[in-house]
Amino acid sequence: MAVPPPAMQALQMFDGTNSVDQIAEAVKQNRELIEQLVEQMDARGLIWGPTFKQLEADKKIALSERGAFPIRGTGPLGSDTDAIRKQFDHWLEQTEDPEIEFEPSILFTPQLEYPHTWPVFAGCWHAMRAHPKPDRIVVFSNNTFGIGDGVCMTRLGFETPLGRMEPDHELIEAMAGSCGEPVFADELDHMANLGIEMALPWAQHCWGDIPVVGVLIPDPLQEPIEDDGERMTRAEFTTALRTC
């Protein structure tokens, strides 16, 4: 959607707290012009309303039928799986063995593209690949670009150039039984997130096929979510995950 520069001031006021009249008065424009902007935004699902809800519902259906989120951030690796694995082996060979004498249970890795971050990824996985393959991995990422303000899981798997990683249905359904649907609210936020996907090809390369659970965590500096029971707080999620 292309808009003239003066319209940017009006767009910043579409935060749910201003009426059309208030926006028109603030930017010193006719109400009719603001209404036209509203119509254009609504037609593209850029404001909450029936169009947005329908587009969201359609996307959920399409993803459910697919069973996994499509390749996004890992696409630049290409489609030649042999070449990808050789590249990962090369990166691992270029990395010094951290010589960790215990079995790590948690990795902290970046979310940026591999050309800039491969030394960090390779250093982490150099320590992990020698250890036994776990039953599952749970991958957390900050919800940078989503609209949700609670912890968000997904029942879907993830596709990478090395293949599809299926969801761990056992843990996911256990969490669903413990937390209910609030933990899956705003599941589409995973479409805008690349952090989980960027970690997965390394797991595939080092451990092969392994069930995965993807979890998005809201910004801890963000205003607390309303206690309306429709979203999952970090504390509630952590307690449930430890139990399950």
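Scroll up for the structure.
To keep things clear, this report deals only with the structure shown in the data block.

Let us now look at the overall build of the protein. Secondary structure summary: the protein contains nine helices and six strands in total. By its C-alpha atoms, the protein is 65 × 40 × 35 Å across when sized along the principal axes. When burial is assessed residue by residue, the protein has 39% of its 244 residues classed as buried. By sequence separation, contacts in the protein at least 24 residues apart represent 78% of the contacts at least 6 residues apart. Carbon together with sulfur atoms contributes 52% to the accessible area of the protein, which is approximately 14,300 Å² in total. If you average the places of the 18 positive and of the 40 negative side-chain charges in the protein, the two averages end up 3 Å apart.

As a further point, take the packing of aromatic side chains. Per the stated rule, a full pass over the model turns up 13 aromatic pairs. These aromatic residues form a ring-pair network of at least three members: Phe88, Trp91, Tyr114, Trp118, Phe121 and Trp202. Above the face of the Phe184 ring, Arg155 is positioned so that its terminal group lies 3.9 Å from the ring centre.

What counts as what
Residues numbered from 1 in each chain as written. Predicted model: local features only at pLDDT ≥ 70, side-chain atom pairs only at ≥ 80, totals over all residues. Heavy atoms only, no water. Helix = DSSP H or I, 4+ residues; strand = E, 2+ residues; numbered from the N terminus. Buried < 20%, exposed > 50% of the residue type's maximum accessible area, 1.4 Å probe, protein only. Contact = heavy atoms within 4.5 Å. Areas by Shrake-Rupley, 256 points an atom, 1.4 Å probe, with all protein chains shown as cover. Lys, Arg positive; Asp, Glu negative; His and termini not counted. Charge placed at Lys NZ, Arg CZ, Asp CG, Glu CD. Phe/Tyr/Trp six-rings, centres within 6.5 Å; stacked < 30°, edge-to-face > 60°. Lys NZ or Arg CZ within 6 Å of the ring centre and 35° of its normal.

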